[in-house]
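Structural characterization, general
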Amino acid sequence: MHSVREAVELQIQLSKFWHFDGNRHGLRDREWLALRFLGRANRFSRTPSALAAAIGATKAATSPIVKILVKKSLLVRKQSLEDKRSVTLEVTPLGERHLAQHDPINLALSAMAELGDEDRVALLNSLRDILSRIDSTHQCFNIGVCRDCMFLAEQEPHEGKGRKPARFRCRLYRTPITFDETALQCTSFERTHHRPKTDKHLSRLVSQAGDASPGLLRDDAVTSVASRRRGRH
């Protein structure tokens, strides 16, 4: 049990990179959290309500954070193309540069990048497994990457000669997903053990898509969960 506690305590020490008093490079930790999330959020999760859920705050508490980021020209509000009554939050080029140059977690990212591929993948899968165990026990709200979500389906490739890139579809929002979008974060994420777990796995899936269909997941559980999630939006 000592190793278990030590592992958790080390994660707490690591969290000091993104939880801190005062500000760093002009932003408080909650503002960095918001900007960081929106920088990797997919198009379904760039809304004020999704941002509030992502940073664990109420909409009322999130509004001043958005105002500060907009005032600093790190964020812009845009009218939603799907729903004219809604707005989307987009990180500006200045916001992207601010993240790339000054994000407090960059030191942790650099340290992680120095790990070997096998160690990095093992750590990634271990953290996913821990989150899965917590989620299943406490039904926690979770955010995840599209490629690991039960709602992502690989569509059958078009007929014809030659390899063609795999095509994807979100079964929750019932809309096509590009390959690049499968690497973005979503607040409607539902964890599954049937999705690819590593970039190598996903790349192999894509490279094979022109030869054979990866297959669509059509189980009743996915349909049931999707129906419940649509009721929340």
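The model shown is predicted, which means the values in this text are computed figures rather than measured ones. (Residues numbered from 1 in each chain as written. Predicted model: local features only at pLDDT ≥ 70, side-chain atom pairs only at ≥ 80, totals over all residues. Heavy atoms only, no water.)

Describing an aromatic ring pair means giving the distance of the ring centres and the angle of the ring planes. Scanning the entire structure with this criterion turns up one aromatic pair. Taking 4.1 Å as the distance between ring centres and 5° as the angle between the ring planes, the aromatic pair formed by F44 and Y173 counts as stacked. Of this pair, F44 sits in the loop between helix 2 (29–40) and helix 3 (48–55) while Y173 sits in the loop between strand 5 (167–170) and strand 6 (175–177), and the two are 129 residues apart along the sequence. A cation over a ring is seen here: R24 above F20, with NZ or CZ 4.1 Å from the ring centre. (Phe/Tyr/Trp six-rings, centres within 6.5 Å; stacked < 30°, edge-to-face > 60°. Helix = DSSP H or I, 4+ residues; strand = E, 2+ residues; numbered from the N terminus. Lys NZ or Arg CZ within 6 Å of the ring centre and 35° of its normal.)

Attention now goes to empty space enclosed by the protein. Enumeration over the complete set of coordinates arrives at one cavity of 30 Å³ or more. What the largest cavity holds in volume is close to 100 Å³. Across the lining of the largest cavity, the residue classes tally to twelve nonpolar, three polar and no charged. (1 Å grid on protein atoms, 1.4 Å probe; cavity = no way out; pocket = protein on both sides within 12 Å on 5 of 7 lines; lining within 4 Å. Points joined across faces, edges and corners; volume = space filled by probe spheres on them. Nonpolar A, V, L, I, M, F, W, Y, C, P; charged D, E, K, R; others polar.)

The subject of this paragraph is the packing of helix 2 against helix 3. Their axes nearest at 10 Å, the elements helix 2 and helix 3 cross at an angle of 120°. By the angle class used here, helix 2 and helix 3 are oblique. The handedness of the crossing between helix 2 and helix 3 comes out as right-handed. Taken together, the residues of helix 3 that come into contact with helix 2 (itself represented by R30, L33, A34, F37 and L38) are A50, L51, A54 and I55. (Axes fitted to C-alpha atoms, helices over the stretch in contact; angles between N-to-C directions. Parallel < 35°, antiparallel > 145°, perpendicular 65-115°, else oblique. Left-handed = near helix turned anticlockwise from the far one by under 90°. Contact = heavy atoms within 4.5 Å.)

It is worth spelling out the nonpolar core at this point. Residues L35, L38, L51, L69 and L75 are the most contacted members of the largest nonpolar core, which totals 20 residues. For this core, the secondary-structure elements that each account for two or more residues are helix 2, helix 3, helix 4 (59–71) and strand 2 (87–91). In terms of residue count, the dominant contributor to this core is helix 2 (five residues). Residue contacts for L35: discarding those within four places in its chain leaves L27, L69, L74, V91, G95 and L99. Core analysis: the second largest hydrophobic core is formed by eleven residues, F44, C146, C170 and F189 among them. (Core = buried A, V, L, I, M, F, W, Y, C linked by side-chain atoms within 4.5 Å. Buried < 20%, exposed > 50% of the residue type's maximum accessible area, 1.4 Å probe, protein only.)

Time to look at helix 3. Here helix 3 has its buried residues at A50, L51, A52, A54 and I55. Packed against the buried residues of helix 3 are helix 2, helix 4 and strand 2. After helix 3 finishes, the residue G56 shows a positive phi value of roughly 70°.

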